[in-house]
Amino acid sequence: MQSPVNAATLGPVIAGLALVTISRSLDGFAQGLCIGAGIALILGGVALLSAHQRRSRPGRGNGEGGEGGERGGDGMWLPSRDEDPRP
């Protein structure tokens, strides 16, 4: 069975968790550096996971139609796609 999450997108989250865990045994500047880098990696990894999940949903965001409209297919409402009620 294939995992729904790509290992490359999960890597930064795991590395960030490892850095934050390792930083508990450090002191001073090194501890702050590891915590900061770890949190940045976790947030970046979550952003990558979110983008990966959005791209991998079938029938959404790829122009094949979907919820919310016949054009675009991403299910998002855009004011520019509304019909102009004025003549």
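Residues numbered from 1 in each chain as written. Predicted model: local features only at pLDDT ≥ 70, side-chain atom pairs only at ≥ 80, totals over all residues. Heavy atoms only, no water.

Novice: Describe the side chain of Thr9, with residues and values.
Specialist: When you line up the elements, Thr9 lands in helix H1 (residues 7-23). Contacts of Thr9, omitting those with residues within four sequence positions, involve Gly45, Leu48, Leu49 and His52. (Helix = DSSP H or I, 4+ residues; strand = E, 2+ residues; numbered from the N terminus. Contact = heavy atoms within 4.5 Å.)

Novice: I'd love a proper account of helix H2 (residues 29-56), names of residues and values included.
Specialist: The end-to-end C-alpha distance of H2 is 40 Å, a good match for the 40 Å that 28 residues give at a rise of 1.5 Å each. Inspection of H2 places Cys34, Gly38, Gly45, Leu49 and His52 among the buried residues, and these make up the whole buried set. At its buried positions, H2 is contacted by H1. (Expected span 1.5 Å × (residues − 1). Buried < 20%, exposed > 50% of the residue type's maximum accessible area, 1.4 Å probe, protein only.)

Novice: Which residues make up the environment of Ile39, and what values go with them?
Specialist: On the secondary structure map, Ile39 appears in helix H2. For Ile39, a relative accessible area of 44% puts it in the partly exposed group.

Novice: How would you sum up the environment of Pro4? Please name residues and give values.
Specialist: Position of Pro4 relative to the elements: it lies in the segment before H1. With 52 residues separating them in the primary sequence, Pro4 and Ser56 have C-alpha atoms 9.1 Å apart.

Novice: Tell me what's going on with the confidence of the model for the protein chain, and back it up with residues and numbers.
Specialist: Residues at a pLDDT of 70 or more form 62% of the protein chain, whose mean pLDDT is 77. In this model, residues 61-71 is a region of pLDDT below 50 whose contacts with residues beyond four sequence positions or in other chains number 15 contacts. (pLDDT = per-residue confidence, 0-100.)

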